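If you want the building blocks of each chain, they are given just below.
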Amino acid sequence: MATAPIDLRSDTVTRPTPGMRRAMAEAEVGDDVYGEDPTVRALAQAVAPVFAGIALGRAATGLPFFLAGGLKIAYDLALYFRFRNVNIQ
């Protein structure tokens, strides 16, 4: 069964459904800068032990982080070489 593609280009193209609007209205929110956002707090509590273990040398390996860094550098270089001759006027 084929489904229609979902266009996620921007909020001007994709309109929220009534269920999405209800979820946004009922979501628990807070300011992440002041540590009041429950989602940011939960994420920080989940990943802090991983990063602390790597920083202290207790992690099994740092390979995923080296790989992510290498991929980021490769991506940046690809963008540079792709757009280096583009003139924006």
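The residue numbers shown here count from 1 along each chain, following its written sequence. The predicted nature of this model means local features are confined to residues of pLDDT at least 70 and side-chain atom pairs, given and counted, to a pLDDT of 80 or more, with totals for whole chains, interfaces and linings taken over all residues. Water and hydrogen atoms play no part in the side-chain values, which are based on all heavy atoms of the structure.

## Comments concerning the overall build of the protein chain
No. 1: Per the secondary structure count, the protein chain includes three helices and zero strands.
No. 2: A run of H or I in DSSP becomes a helix once it reaches four residues, and a run of E becomes a strand once it reaches two; helices and strands are each numbered from the N terminus. The secondary structure elements of the protein chain, listed N-terminal to C-terminal, are α-α-α.
No. 3: Only protein chains enter the calculation, and the probe is 1.4 Å; a residue is then buried if its accessible area is under 20% of its type maximum, exposed if over 50%, and partly exposed in between. Looking at the 89 residues of the protein chain, the share that counts as buried comes to 3%.
No. 4: Only carbon and sulfur atoms are counted for the fraction: they give 64% of the accessible area of the protein chain, which is about 8300 Å². The Shrake-Rupley method, run with a 1.4 Å probe, gives the accessible areas here. Residue values count only the displayed protein chains as cover.

## Concerning the side chain of D37
No. 1: With respect to the secondary-structure elements, D37 resides in the loop between helix 1 (18–26) and helix 2 (38–55).
No. 2: A polar side-chain atom of D37 sits 2.8 Å from the main-chain amide nitrogen of T39.
No. 3: Contacts of D37, omitting those with residues within four sequence positions, involve G30, D31 and D32. Pairs of N or O atoms are called polar contacts if they sit within 3.5 Å, as long as, within protein, a hydrogen donor faces a hydrogen acceptor (for residues adjacent in sequence, only side-chain-to-side-chain pairs). Whether two residues touch is decided by their heavy atoms; if any such pair falls within 4.5 Å, the residues are in contact.

## Overview of the packing of aromatic side chains
No. 1: In summary, the pairing rule links any two rings of Phe, Tyr or Trp, Trp by its six-membered ring, whose centres are within 6.5 Å, and it sorts them by plane angle into stacked for under 30 degrees, edge-to-face for over 60 and tilted for everything else. Using the criterion set out here, one finds one aromatic pair in the structure.
No. 2: Remark: a charge is flagged as sitting over a ring if the NZ atom of Lys or the CZ atom of Arg is within 6 Å of the ring centre and within 35 degrees of the ring normal. Above the ring of F83, the side-chain terminus of R82 is found at 4.9 Å from the ring centroid.

## What to know about the confidence of the model for the protein chain
No. 1: pLDDT runs from 0 to 100 and stands for how confident the predictor is about each residue. A residue-level look at the protein chain finds 81% of positions with pLDDT of 70 or above and a mean pLDDT of 78.
No. 2: Within the protein chain, the lowest mean pLDDT, 76, falls on helix 2, and the highest, 89, falls on helix 1.

## Topic: a nonpolar patch on the surface
No. 1: Taken together, the side chains of L43, V47, V50, F51 and F65 make up a nonpolar region of the molecular surface, amounting to roughly 440 Å² of accessible area.
No. 2: Within the element layout of this structure, V50 appears in helix 2.
No. 3: On the basis of relative accessible area, V50 is assigned to the partly exposed category, the value being 45%. Think of a patch as exposed residues, more than 30% relative accessible area, with no salt bridge, where like charges cluster within 9 Å and nonpolar side chains (Val, Leu, Ile, Met, Phe, Trp, Tyr) cluster within 5 Å. Throughout this description, the term salt bridge denotes a Lys or Arg side-chain nitrogen within 4 Å of a carboxyl oxygen of Asp or Glu.

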